[in-house]
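What follows is each chain in one-letter form.
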Amino acid sequence: MGVIAIDGPAAAGKSSVARRVAAEIGWTHLSSGMLYRAVTWWLLKHGAGADPGQMELHLNLGPGGLELTVDGVRPGPELSSPEVVAAVAETATSPAVRDLVGRHLREAGRKFNLVCDGRDIGTTVFPDAVLKVFLTADPRERARRRLIQADTLGGGASPVERDQALRAQAAELEARDRRDSLRAISPLTRAEDAVEIDNSGLNLDESVAAVLEKIEDRFLGA
Ligand code: DC
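Calculation criteria
Residues numbered from 1 in each chain as written. Predicted model: local features only at pLDDT ≥ 70, side-chain atom pairs only at ≥ 80, totals over all residues. Heavy atoms only, no water. Helix = DSSP H or I, 4+ residues; strand = E, 2+ residues; numbered from the N terminus. Buried < 20%, exposed > 50% of the residue type's maximum accessible area, 1.4 Å probe, protein only. Contact = heavy atoms within 4.5 Å. Areas by Shrake-Rupley, 256 points an atom, 1.4 Å probe, with all protein chains shown as cover. Lys, Arg positive; Asp, Glu negative; His and termini not counted. Charge placed at Lys NZ, Arg CZ, Asp CG, Glu CD. Expected span 1.5 Å × (residues − 1). Pairing = 2+ DSSP bridges. Near = heavy atom within 4 Å. Polar contact = N/O pair within 3.5 Å; in protein donor to acceptor, adjacent residues only side chain to side chain. Nonpolar A, V, L, I, M, F, W, Y, C, P; charged D, E, K, R; others polar. Axes fitted to C-alpha atoms, helices over the stretch in contact; angles between N-to-C directions. Parallel < 35°, antiparallel > 145°, perpendicular 65-115°, else oblique. Core = buried A, V, L, I, M, F, W, Y, C linked by side-chain atoms within 4.5 Å.

Peer 1: When you look at the overall build of the protein in this model, what are you seeing that I'm missing?
Peer 2: A tally of regular secondary structure across the protein gives 8 helices and 7 strands. In terms of overall dimensions, the protein has C-alpha extents of about 50 × 50 × 35 Å along its principal axes. When the 222 residues of the protein are sorted by exposure, 48% land in the buried category. Sequence-distant contacts, at least 24 apart, represent 74% of the contacts inside the protein between residues at least 6 apart. For the protein, the accessible area works out to roughly 11100 Å², and carbon and sulfur atoms hold 52% of it. Treating the 27 positive side-chain charges of the protein as one cloud and the 32 negative ones as another, the clouds have centres 1 Å apart.

Below, the structure written as structure tokens:
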């Protein structure tokens, strides 16, 4: 089985790009951030002192790709709730949590050809990935995408309000990137052998095409 690793900072479009790339090449998409969010969600429910080892986490292949269940339940929008978003970077610093998530990711990597996105996929989880992409975009562009995704860059807002919202979101993303980059274990960092794609000026189709081009280069030896 092979792995294509797509790492990079928050809101660079990793999951959207990885999902589309996987569909194009017939591989399976796995978002590692989703697992960190799921553990965070479970810890918020069970108390920060709870042992995540007690959690029943499963990844099963369904019609739409890999489906996550936590204690038999498939979490949905809860994984993007403000509570989970606020707590996940902290949860992801826990060695026990990283170990747990890493084991699930590697198990999936033994069963499927994966396009796996995250922060440390090419550096720590799958250092032997057949292709490593480091996907970035400048913070203001990432903030714009995040606000559009959350539908809060509303038509009713004035230019000043929109600018304020963008600045606040960019600051929040930069703070999260800093936390992800500075943590002791598996920090967000570009693997030496990763190809970097800055997609600030690219839309989703163009970002997908840029990754597919790298895949062709890698496999066709161009
Ligand atoms: O990609 P995302 O926004 O869903 O990730 C959520 C959080 O999980 C993010 O703050 C960093 C953490 N994460 C990580 O530490 N390592 C990964 N491989 C993926 C995500």
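There's more to say after this.
Peer 1: Got a minute to help me understand helix α4 (residues 95-111) in this structure?
Peer 2: The periodicity of an α-helix, 3.6 residues per turn, causes residues three or four places apart in sequence to face the same way. Here α4 is 17 residues long and its end C-alpha atoms lie 25 Å apart, about the 24 Å a rise of 1.5 Å per residue gives. Taken residue by residue, α4 has V97, R98, L100, V101, G102, H104, L105, A108 and G109 as its buried positions.

Peer 1: Explanation requested: the pairing of strand β4 (residues 65-70) in the structure shown.
Peer 2: The element β4 is largely enclosed, with a buried count of 6 among its 6 residues. Sheet analysis places strand β3 (residues 57-62) next to β4, joined by 6 bridges and oriented antiparallel. Bridge assignment links G62 to a residue of β4, and that residue is G65. Counting the residues between successive antiparallel strands, the hairpin from β3 to β4 contains 2 residues.

Peer 1: Quick question: what am I supposed to make of the side chain of T28 here?
Peer 2: With respect to the element layout, T28 can be found in strand β2 (residues 28-31). Discounting chain neighbours no more than four positions away, the residues touching T28 are A22, L61, L66, F112, N113, L114 and V115.

Peer 1: Looking at this structure, I do not really get the site of the ligand. What am I missing?
Peer 2: Residues in contact with the ligand amount to 15 residues; listed here are only the nearest, R37, R98, D120, R176 and R183. In this structure, D120 approaches the ligand through a side-chain N or O atom, which is 2.7 Å from a nitrogen atom. The contact in question runs from an oxygen atom of the ligand to an N or O atom on the side chain of R176, over 2.8 Å. For the ligand, the accessible surface in isolation is 450 Å², of which the surrounding protein chains cover 96%. Elements supplying a minimum of two residues to the shell around the ligand: α2 (32-46), α3 (82-91) and α7 (159-182). Here the shell around the ligand gets 4 residues from one element, more than from any other, and that element is α2. Looking at side-chain class alone, the shell around the ligand contains 5 nonpolar, 3 polar and 7 charged residues.

Peer 1: Sorry if this is basic, but what is going on with the packing of α2 against α3 here?
Peer 2: Between two packed helices, both the angle of their axes relative to each other and the distance between the axes serve to describe the pair. Across the interface, α2 lies against α3 with an axial gap of 9 Å and an inter-helix angle of 105°. When the axis of α2 is compared with that of α3, the two are roughly perpendicular. Contacts between α2 and α3 pair Y36, R37, V39, T40, W41, L43 and L44 from the former with E83, V84, V85, A87, V88 and T91 from the latter. Tallied by class, residues from the contact of α2 with α3 come to 9 nonpolar, 2 polar and 2 charged.

Peer 1: Help me understand the nonpolar core in this model?
Peer 2: In summary, soluble globular proteins display a tendency toward joint burial of nonpolar side chains. Of all hydrophobic cores here, the largest spans 32 residues; its most connected members are L30, L68, V70, L105, L114, C116 and F126. Within the residue set of this core, elements represented by two or more residues are β1 (3-7), α2, β3, β4, α3, α4, β5 (114-118) and α5 (121-125). At 7 residues, α2 tops the list of elements feeding residues into this core. Contact partners of L68, with chain neighbours within four places excluded, come to M34, L35, A38, L57, H58, L59, V73, R74, P75 and L79. In terms of nonpolar packing, the next biggest core, distinct from the first, is built from 15 residues, I4, V115, I197 and A210 among them.

Peer 1: It is not clear to me how helix α6 (residues 139-149) should be interpreted in this structure. Could you clarify?
Peer 2: Among the residues making up α6, those that are buried are E141, R142, A143, R145, R146 and L147. Buried residues in α6 make contact with α7.

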